[in-house]
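# Descriptive structure summary
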Amino acid sequence: MKKDNKVSIDFGGFYESIHMDNVDSLIDSYNSDNEYPEYNFDNVNFKKTYLNYINSYCSHLSDYIKSEYTVDMNFKNMELQSPEYYNYSTDKILANIPAKQIKELNSLMIKDALFLEFIKERTQSYDGYFSFYTYETALNNKDNILIMYVLEYICNKFNENFYFGDLEYEIELKKVA
């Protein structure tokens with residue numbers, strides 16, 4: 001078995017989301033009293049700022065998984081994958097996760113009735129949408145897809161319950177020539 005697997009994490013993305021609102025609020029807080037005028041939206045390096053954000057997000061997500069599911073989850077080498085157009089998909093986090101941890105979390109989650117209902121909904125085809133995976137192929141972990149559904153489910157719960165003011169990340173500014 002491979003040591004690490006590269007996994008795509010659907011955390012909700014930045015476009016029109018709570019995550020973008022959090023970054024915007026932090027920028028506004030620096031700029032609100034004109035104490036830090038360089039922290040305005042035109043000067044922010046969003047690519048680096050979002051990377052800082054997802055590193056902090058994954059650290060807290062790892063803590064959440066440990067406390068809620070008693071599974072260690074070590075996210076490594078995080079990067080942000082952004083679509084060219086946001087009308088079909090949104091940002092995702094790409095991370096390496098030890099295969100042993102993936103197997104442990106998957107084994108636990110396939111016993112969770114709420115998670116199984118989530119997979120049934122996510123793999124359901126309907127007018128205008130054809131699901132690439134069926135419920136059975138997802139549960140059988142075809143193409144290692146199960147962990148992506150597991151992490152999407154957990155991220156949804158985490159996003160509902162987490163106080164995002166606890167995220168610590170740096171707003172990166174563009175280099176001035």
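Residues numbered from 1 in each chain as written. Predicted model: local features only at pLDDT ≥ 70, side-chain atom pairs only at ≥ 80, totals over all residues. Heavy atoms only, no water.

### Considering the sheet that holds strand β2 (residues 76-81)
- Strands sit in the order β1-β3-β2 across an open sheet of three strands; the sheet is antiparallel. The open sheet has two edge strands with one neighbour each: β1 (4-9) and β2. In this sheet, adjacent strand axes meet at a mean angle of 20° when their direction is disregarded.
- Note: β2 against strand β3 (residues 92-98), four bridges, orientation antiparallel. Residue pairing across strands places Lys76 opposite Asn96, the latter belonging to β3.
- Across the sheet, helix α2 (residues 46-69) lies against β2 and β3, angled at about 130° from β2, the strand it touches most. (Pairing = 2+ DSSP bridges. Helix = DSSP H or I, 4+ residues; strand = E, 2+ residues; numbered from the N terminus. Axes fitted to C-alpha atoms, helices over the stretch in contact; angles between N-to-C directions. Contact = heavy atoms within 4.5 Å.)

### Quick notes on the nonpolar core
- The biggest cluster of nonpolar side chains holds 49 residues, and the ones touching the most others in it are Tyr57, Ile65, Phe75, Leu105, Phe115 and Ile154.
- Those elements that provide at least two residues to this core are β1, α1 (18-31), α2, β3, α3 (99-109), α4 (113-122), α5 (135-139) and α6 (146-161).
- Non-local contacts of Leu105, meaning those with residues more than four positions away in its chain, are made with Ile65, Tyr69, Val71, Met73, Ile147, Val150, Leu151 and Ile154. (Core = buried A, V, L, I, M, F, W, Y, C linked by side-chain atoms within 4.5 Å. Buried < 20%, exposed > 50% of the residue type's maximum accessible area, 1.4 Å probe, protein only.)

### Some details on the pattern of salt bridges
- The final tally for this structure, using the stated rule, is six salt bridges.
- Put simply, Asp10 and Lys92 hold a salt bridge, and the shortest N to O gap is 3.8 Å. Within this pair, whereas Asp10 is found in the loop between β1 and α1, its partner Lys92 is found in strand β3, the two being separated by 82 residues in sequence.
- Across the pair Glu117 and Lys120 runs a salt bridge whose closest N-O atoms are separated by 3.7 Å. Taken together, the positions of Glu117 and Lys120, both in helix α4 and three residues apart, correspond to about one turn of that helix.
- Glu117 sits in the partly exposed class, given a relative accessible area of 41%.
- Here Lys120 falls in the partly exposed class, since its relative accessible area comes to 38%. (Salt bridge = Lys/Arg side-chain N within 4 Å of Asp/Glu carboxyl O.)

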